[in-house]
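If you want the building blocks of each chain, they are given just below.
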Amino acid sequence: MTEAPVVRHDVVVRGTPEQAFAAFTGRMGEIKPKEHNLLGSPISTTTLEPYVGGHIVDRAEDGSECRWARILVFDPPDRLVFSWDIGPTWQLEADPENASEVEVRFIADGPERTRVELEHRHLDRHGPGWTGVRDGVDGPQGWPLYLSRYADLLEAT
């Protein structure tokens, strides 16, 4: 059996793990670019519902919603795990068994710094075309962009 494909990125941000976790979970709408949109109308908000069983939800200006992730672990200030319910055609996955998983860990790196480690795993669950998902989330418009925007938010506070 081969190991499931994984993408890893990390960033060191200003603030304690508590502050870093709160910003990541509470300011998702500022981290995720609005142009990353599966809806037919512009996104007005993106919200991470802060509990197991919650979702990451894009809400459009026309009132429509896209629930593109499910919160699997919510363990402040250490760890967040959510599903990635977007498949190789960049549309929602109908079957949760075909979703990959994103784990984000928040580790103190000094008194006012936190290392944020992101692991996007089980990408092969997306089936044929999974390498396109891997390349997208690993590329400059994927997790590197999200983590850069996130670090910029914490630097500004």
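Look up: the structure comes first, before these words.
What counts, and where the lines are drawn
- Residues numbered from 1 in each chain as written.
- Predicted model: local features only at pLDDT ≥ 70, side-chain atom pairs only at ≥ 80, totals over all residues.
- Heavy atoms only, no water.
- Pairing = 2+ DSSP bridges.
- Helix = DSSP H or I, 4+ residues; strand = E, 2+ residues; numbered from the N terminus.
- Axes fitted to C-alpha atoms, helices over the stretch in contact; angles between N-to-C directions.
- Contact = heavy atoms within 4.5 Å.
- Salt bridge = Lys/Arg side-chain N within 4 Å of Asp/Glu carboxyl O.
- Buried < 20%, exposed > 50% of the residue type's maximum accessible area, 1.4 Å probe, protein only.

**Here's the deal with the sheet that holds strand E6 (residues 100-108)**
Right, so step 1: Across the sheet, seven strands lie side by side as E1-E7-E6-E5-E4-E3-E2; this open sheet has antiparallel pairing. Only two strands of the sheet have a single partner each, and these edge strands are strand E1 (7-14) and strand E2 (43-48). Neighbouring strand axes in the sheet, compared pairwise and without regard to direction, differ in orientation by 20 degrees on average.
Right, so step 2: Inspection of the sheet shows strand E5 (residues 79-84) paired to E6 by six bridges, in the antiparallel sense. Looking at the pairing, Trp84 lines up with Ser100 of E6.
Right, so step 3: On top of the sheet, helix H1 (residues 17-26) reaches E1, E2, strand E4 (65-75), E5, E6 and strand E7 (113-121); it is set at about 150 degrees to E6, its chief contact.

**A short note on the pattern of salt bridges**
Right, so step 1: What the rule picks out here adds up to 16 salt bridges.
Right, so step 2: For Arg14, the salt bridge identified is with Glu155, shortest N-O distance 3.2 Å. Taken together, the residues Arg14 in strand E1 and Glu155 in helix H4 (residues 143-156) connect sequence positions 141 residues apart.
Right, so step 3: On the basis of relative accessible area, Arg14 is assigned to the partly exposed category, the value being 35%.
Right, so step 4: The closest approach of N and O atoms between Arg67 and Glu65, which form a salt bridge, is 3.4 Å.
Right, so step 5: Taking the relative accessible area as the measure of exposure, Glu65 reaches 40% and is therefore partly exposed.
Right, so step 6: Three or more residues joined by partner-sharing salt bridges are found here, namely Arg8, Arg79, Glu101, Glu103, Arg105, Glu119 and Arg121.

**With respect to unusual backbone geometry**
Right, so step 1: A cis amide bond links Pro76 with the next residue in sequence, Pro77, at an omega value of 0 degrees.
Right, so step 2: Among the secondary structure elements, Pro77 is positioned in the loop between E4 and E5.
Right, so step 3: Even without being a glycine, Trp90 presents a positive backbone phi close to 60 degrees.
Right, so step 4: Among the secondary structure elements, Trp90 is positioned in the loop between E5 and E6.
Right, so step 5: Judged by its relative accessible area of 34%, Trp90 is partly exposed.
Right, so step 6: A positive phi angle, close to 60 degrees, is found at His122, a residue other than glycine.
Right, so step 7: Take His122: it is sitting in the loop between E7 and helix H3 (130-138).
Right, so step 8: We classify His122 as partly exposed; its relative accessible area is 24%.

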